[in-house]
Amino acid sequence: MNLDGATIPTRLFIGGQWEEGSAGAGIDVIDPSTEAVLASVADASVDDAMRAVSAAHAAAPAWAATPPRQRGELLRRCYTLMIERADWFAKLIALENGKAFADARSEVIYAAEFFRWYSEEAVRLIGEVSVAPGGDKRILVQHQPVGVAVLVTPWNFPAAMATRKIGPALAAGCTCVLKPATETPLTAYAMAALMAEAGIPDGVVNVITTRQSGRVVSAMLHDPRVRKLSFTGSTEVGRILLREAADTVIGCAMELGGNAPFIVFDDADLEAALDGAMIAKMRNGGEACTAANRFYVQRGIYEAFCAGLAHRMAALTVGPGCDPDTGCGPMINRAAVQRIHALVEAAHAAGARVLTGGAVPDRSGYYYPPTVLADVPAAAKILSEEIFGPVAPVVPFDTDDEVIALANDTEYGLAAYVYTADMKHGMAVVDRLESGMVALNRGLMSDPAAPFGGVKQSGLGREGAHHGLMEFVEPKYVALQW
C-alpha cells in the first residue's frame, strides 16, 4: 500500500526480512469510514511464528550485551523519526482505525514518547549491594533481561500500544515478537520499517499478523525460549492467555478491560467537568479502556450536567477520520456498532432517557452517533459492560458512600475520574476508589512517565514509567565475599 508516496509494508517482518505468510490468502484491512479494502497483509502460520521466535532468540545474546547507552540511542533515533513523520503516521492510523485525525496525531506523539522515555530509562537499571544481616557475605542484586517477549496489542491504539511494550522491552535488553490486531496491522508494519531504518538490529523486533491468533500465540507461549507475555486486550482473552502461560510459567503483564466511573460532585466547576467529560469519554470515539464508561453526578448539578453534556455531544461532527472537521470517527467494525446499539436500546427500554443520539445512521461506514442517556437504571447492562463507543450513561447520586459503592461495584479497576472543588474531599474519595489510576479534576491521565495499569480483573503489572522497564527484567542475586 502507498500513502503520500511512501510504501507501507504488508508482509511479515522476521529477522529483518519481509516475508510472505504461509497460512494462505492475505488478511484484508478495511477502512471503517468507507468499508473499502485498504490493503491485504500476510497471514502467518504457526511455523511462521516459530521462525519469528527463533529470530528473536538468535538476536537476544548480542542485544542483551549491547551497552545500555547504545540501546538508548537507537530508541532515541526511533523517537526522532516518528516525530518527523507524525502527520504521516496520523493519517495512516486515521485510515485503518477510523479515529479522528486530531486523536490520531495525539496518539502518534504519545506513542513516540515511549521511545524517548525508554531511551532514557535504558541506562537506569541500577542494581544493589548490601551487607547481609548476619555479616557473613555481601548481597549483590543485578537486573538481567528476561529474554524473548511476545507482545500482543489491540486495534484501538495501534501505535501507542506497540511502543509502550517495545520501548521497555528493548531498553531492558529483550528481543520480541509483536502480534498486532488484524484490524490495524499497517501501523505496526510501518513502525517495523521505521525501527529498521533507525538501526535496530535484525531479529530484535519481529512483527507477524495472523487470522489464527489463538493457535499462533498459544504455540509461542509453549515454546520454552519465550519468557514474557505482554498483552493488552479484553479481560476475557486475558484469562485464556494466563491459563496458556501457566503451562510454561511465563511471566505476564496484562492490561485488560475497564469500566471507568466519572464522578461529579455538586461543588465541581460545571464547565471544567464537562470539558473533562468530553475528553474522558470521546478520546478515540470512546474506544479506549480508560474511557469514562459510567457517569455519576450528584443530584444538585445533575440536570445541568446532563444538558451540557448532551449539547456538546450533539455538536460533534461525525465523519471519516481523515476529514479535519471530524470530531467522532467510525467504530472499528459493524459488530461494534451492533453491540453498542444493543446496549443503548436495552437501557432505553429499561427507562433511560435518550438526550441525544441513540440511532444507527443510514450511511456507509461503521458509524454510531455521540449519545447521552439520562436516568439510567442501576441494573442496566450498559453500566456493567465496557461500552467501547461514544455513549455516556448518566446516573444521579446523593452521598459519598452511595457513589463509592456504585463506582466499586464492578470486576474492573483500571481508571476513574473525580471532579470536586474540595481537594481534601477529592483525595478522600480517591483513596476509597478501587482503581489503579485516578484523574482528579482532569479528563486525561495517560503519561509515559506514569505507571499505567489496573487492579482486580483489569490486569497485572504496569506499563510506562520505570515500572514498565522492570516488567522485562529478572533480578539475579549473587552471594559474594571479599
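This text gives an overview of the structure that appears in the document. Please read all numbers here as calculations on a predicted model, not as lab measurements. (Residues numbered from 1 in each chain as written. Predicted model: local features only at pLDDT ≥ 70, side-chain atom pairs only at ≥ 80, totals over all residues. Heavy atoms only, no water.)

1. Observations regarding the overall build of the protein
Here is step 1: Of regular secondary structure, the protein possesses 14 helices and 22 strands.
Here is step 2: A compact globule built from 482 residues would reach a C-alpha radius of gyration of about 23 Å, and the protein, at 23 Å, matches this within 12%.
Here is step 3: Dimensions of the protein, computed from C-alpha atoms along their principal axes, come out at roughly 70 × 60 × 40 Å.
Here is step 4: Expressed as a percentage of its 482 residues, the buried residues of the protein come to 57%.
Here is step 5: The long-range share in the protein, meaning contacts at least 24 apart out of those at least 6 apart in sequence, stands at 72%. (Helix = DSSP H or I, 4+ residues; strand = E, 2+ residues; numbered from the N terminus. Rg over C-alpha atoms; globule rule 2.2 N^0.38 Å. Buried < 20%, exposed > 50% of the residue type's maximum accessible area, 1.4 Å probe, protein only. Contact = heavy atoms within 4.5 Å.)

2. Let's talk about the sheet that holds strand β20 (residues 437-440)
Neighbouring strands of a sheet are bound in pairs by backbone hydrogen bonds; such pairs are parallel or else antiparallel.
Here is step 1: As summarised here, the arrangement of the seven strands in space is β16-β17-β18-β15-β14-β19-β20, forming an open sheet in which the pairing is mixed. Each of the sheet's edge strands pairs with one partner strand only, and the pair in question is β16 (353-356) and β20. Averaged over all pairs of adjacent strands, the angle between their axes in this sheet comes to 20°, without regard to strand direction.
Here is step 2: Relative to β20, strand β19 (residues 415-419) is paired through four bridges, and the arrangement is parallel. Within the sheet, the bridge partner assigned to Ala 416 lies in β20 and is Val 438. (Pairing = 2+ DSSP bridges. Axes fitted to C-alpha atoms, helices over the stretch in contact; angles between N-to-C directions.)

3. Here we look at the pattern of salt bridges
Here is step 1: For the structure shown, the criterion picks out 25 salt bridges.
Here is step 2: Glu 35 is the partner of Arg 334 in a salt bridge, and the nearest nitrogen-oxygen pair spans 2.8 Å. Of this pair, Arg 334 sits in helix α11 (residues 334-349) while Glu 35 is found in the loop between β5 (27-30) and β6 (37-41), placing the two residues 299 residues apart along the sequence.
Here is step 3: On the basis of relative accessible area, Arg 334 is assigned to the partly exposed category, the value being 40%.
Here is step 4: Its salt-bridge partner being Arg 85, residue Glu 197 comes within 2.7 Å of it at the nearest N-O pair. Of this pair, Glu 197 sits in helix α6 (residues 186-198) while Arg 85 is found in the loop between α2 (68-84) and α3 (86-97), placing the two residues 112 residues apart along the sequence.
Here is step 5: The exposure class assigned to Glu 197 is partly exposed, which follows from its relative accessible area of 46%.
Here is step 6: Connected through shared salt-bridge partners, Arg 164, Lys 165, Glu 255 and Glu 463 make up one network. (Salt bridge = Lys/Arg side-chain N within 4 Å of Asp/Glu carboxyl O.)

4. Regarding the packing of helix α1 (residues 46-65) against helix α7 (residues 213-221)
Here is step 1: Two elements in contact, α1 and α7, have axes whose closest approach is 9 Å; the angle formed by their N-to-C orientations is 35°. As α1 packs across α7, the resulting crossing turns out to be right-handed. Across from Val 46, Ala 49, Met 50 and Val 53 in α1, the residues of α7 making contact are Arg 215, Val 216, Ala 219 and Met 220. (Left-handed = near helix turned anticlockwise from the far one by under 90°.)

5. Remarks on α1
Here is step 1: With 20 residues, α1 ought to run about 28 Å at 1.5 Å a step, and its terminal C-alpha atoms sit 29 Å apart, in line with that.
Here is step 2: The largest bend along α1 reaches roughly 40° and is located at Ala 59, with the proline Pro 61 sitting one to four residues downstream. (Expected span 1.5 Å × (residues − 1). Bend = angle between axes of the 7 residues up to and from the residue.)

6. Some thoughts on the layout of surface pockets
Here is step 1: For the largest pocket, the calculated volume is near 1,200 Å³.
Here is step 2: As for the largest pocket, its lining consists of 47 residues, of which Pro 154, Trp 155, Gly 233, Ser 234 and Val 237 are closest to the centre.
Here is step 3: Elements with a minimum of two residues in the lining of the largest pocket: α5 (160-172), α7, β12 (226-232), α8 (235-246) and α11.
Here is step 4: For the lining of the largest pocket, the element with the highest residue contribution is α8, accounting for seven residues.
Here is step 5: Per-class residue counts for the lining of the largest pocket are 21 nonpolar, 15 polar and eleven charged.
Here is step 6: Of the voids in this model, the second largest pocket is the one considered here, and its volume is about 250 Å³. (1 Å grid on protein atoms, 1.4 Å probe; cavity = no way out; pocket = protein on both sides within 12 Å on 5 of 7 lines; lining within 4 Å. Points joined across faces, edges and corners; volume = space filled by probe spheres on them. Nonpolar A, V, L, I, M, F, W, Y, C, P; charged D, E, K, R; others polar.)

7. Some words on the packing of aromatic side chains
Here is step 1: Using the criterion set out here, one finds ten aromatic pairs in the structure.
Here is step 2: Here the aromatic rings of Phe 262 and Phe 295 are separated by 5.1 Å at their centres, their planes lie at 40°, and the arrangement is tilted. One end of the pair, Phe 262, is in strand β14 (residues 260-264); the other, Phe 295, is in strand β15 (residues 292-298), with 33 residues separating them in the sequence. You'll find Phe 262 and Phe 295 in the same group, each marked buried.
Here is step 3: Ring geometry for Phe 295 and Phe 305: centres 6.2 Å apart, planes at 40°, overall tilted. Of this pair, Phe 295 sits in strand β15 while Phe 305 sits in helix α10 (residues 299-314), and the two are ten residues apart along the sequence. (Phe/Tyr/Trp six-rings, centres within 6.5 Å; stacked < 30°, edge-to-face > 60°.)

8. Observations concerning empty space enclosed by the protein
Here is step 1: Counting across every chain of the model gives six cavities of 30 Å³ or more.
Here is step 2: Pro 261, Arg 294, Ala 407, Ala 415 and Glu 434 are the residues nearest the centre of the largest cavity, which is lined by 15 residues in total.
Here is step 3: Within the residue set of the lining of the largest cavity, elements represented by two or more residues are β14, α12 (400-408) and β19.
Here is step 4: Grouping the constituent residues of the lining of the largest cavity by class yields eight nonpolar, five polar and two charged.
Here is step 5: By volume, the second largest cavity is sized at about 60 Å³.
Here is step 6: Around the second largest cavity, the lining is made up of 13 residues, and of these Lys 99, Ala 100, Asn 284, Gly 285 and Gly 329 lie nearest the centre.

9. A closer look at unusual backbone geometry
Here is step 1: Backbone geometry at Val 249 places phi at a positive 50°, although glycine is not the residue there.
Here is step 2: With respect to the element layout, Val 249 can be found in the loop between α8 and β13 (251-255).
Here is step 3: For Asn 284, which is not glycine, the phi torsion reads 60° and is therefore positive.
Here is step 4: Taking relative accessible area as the criterion, Asn 284 reaches 2% and is therefore assigned buried.

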